[in-house]
Amino acid sequence: MARNEIAMLVDLVKNNISTSKNYGQYYGRVFQREALSLKGFARHMMEHGKRITYEELVLTLQQTVSCLKELAIQGVPVKLEGLGTFYPSLEGIGADSIQEYDPLLNIKGVHLNFRPEGSGTDDERLTSRILKGQCTFKMNDYVIPHYKMVDGKKKVWYERHPIATLGIKDAEEDPEPEP
């Protein structure tokens, strides 16, 4: 693992959606770890440099979350230079006419989206291709999704199999050139 000391674990999942044009193909999916809480994130940030106290950092992050929510509700995008822009969008269904459109019925959800920073040097940008170039990938598991109905909702659980048993190799930065 030459690029980074830490590798991104990749699971392979088969597309089992029979109506999909890509039915039967396999796709890489980031192995999902347990989410880091705000306080856990603050602790992680503190490990990278102790310029402010842990308590000050937690309060700053809590206020950041609160203010992002407040501004999203107002429809205001927030650009954090070097990180990207958080902006709200709506999920919903259409109406046959302007008169029939009711936001309480037609709007199904409000999303807080993130557009990564796209300017600066490669070390500063967070675009998908830049991030890919900075990752080392380690193949993890082959997963088989299983679906069941729980309380009227379709739930998924994954049967995991080590991918190493299939002879799949991890991505390497640059293979040694042959003499």
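No experiment lies behind these values; they were computed from the predicted model shown. (Residues numbered from 1 in each chain as written. Predicted model: local features only at pLDDT ≥ 70, side-chain atom pairs only at ≥ 80, totals over all residues. Heavy atoms only, no water.)

J.: How do you make sense of the nonpolar core when you look at a structure like this?
T.: A general tendency of soluble globular proteins is for nonpolar side chains to be buried together. The biggest cluster of nonpolar side chains holds five residues, and these are Ala 42, Met 46, Leu 57, Val 58 and Leu 61. Those elements that place two or more of their residues in this core are α1 (38–47) and α2 (54–73). Top element by residues in this core is α2. It accounts for three residues. Non-local contacts of Leu 61, meaning those with residues more than four positions away in its chain, are made with Leu 38, Phe 41, Ala 42 and Met 45. (Core = buried A, V, L, I, M, F, W, Y, C linked by side-chain atoms within 4.5 Å. Buried < 20%, exposed > 50% of the residue type's maximum accessible area, 1.4 Å probe, protein only. Helix = DSSP H or I, 4+ residues; strand = E, 2+ residues; numbered from the N terminus. Contact = heavy atoms within 4.5 Å.)

J.: Where do I start with the packing of α1 against α2 in this structure?
T.: The relative placement of two packed helices is expressed as an angle between their axes plus a distance between the axes. With their axes 9 Å apart at the nearest point, α1 and α2 run at an angle of 130° to one another. On the basis of the axis angle, α1 is oblique to α2. Handedness of the crossing formed by α1 with α2: right-handed. Counting all contacts with α1, which are made through Leu 38, Lys 39, Phe 41, Ala 42, Arg 43, Met 45 and Met 46, the residues of α2 involved are Tyr 54, Leu 57, Val 58, Leu 61, Gln 62 and Val 65. Class assignment for the residues of the contact of α1 with α2 results in ten nonpolar, one polar and two charged. (Axes fitted to C-alpha atoms, helices over the stretch in contact; angles between N-to-C directions. Parallel < 35°, antiparallel > 145°, perpendicular 65-115°, else oblique. Left-handed = near helix turned anticlockwise from the far one by under 90°. Nonpolar A, V, L, I, M, F, W, Y, C, P; charged D, E, K, R; others polar.)

J.: Can you help me understand the pattern of salt bridges in this one?
T.: Two side chains with opposite charge may pair up if their charged atoms get near one another. Using the criterion set out here, one finds two salt bridges in the structure. Between Asp 11 and Arg 160 there is a salt bridge, and its shortest N-O distance comes to 2.6 Å. Linking Asp 11 in strand β1 (residues 8–14) with Arg 160 in strand β7 (residues 153–162), this pair joins segments that are 149 residues apart in sequence. Judged by relative accessible area, Arg 160 falls into the partly exposed class, the value being 34%. Connected via shared salt-bridge partners are Asp 11, Asp 141 and Arg 160. (Salt bridge = Lys/Arg side-chain N within 4 Å of Asp/Glu carboxyl O.)

J.: Would you explain the side chain of Asp 11 in this entry?
T.: A relative accessible area of 0% places Asp 11 in the buried class. Within the structure, the side chain of Asp 11 is placed 3.1 Å from the backbone nitrogen of Asp 141, a separation counted as a polar contact. A distance of 2.6 Å separates a polar atom in the side chain of Asp 11 from a polar atom in the side chain of Arg 160. Filtering out sequence-adjacent residues up to four positions away, Asp 11 remains in contact with Tyr 27, Gly 28, Arg 29, Phe 31, Asn 140, Asp 141, Val 143 and Arg 160. (Polar contact = N/O pair within 3.5 Å; in protein donor to acceptor, adjacent residues only side chain to side chain.)

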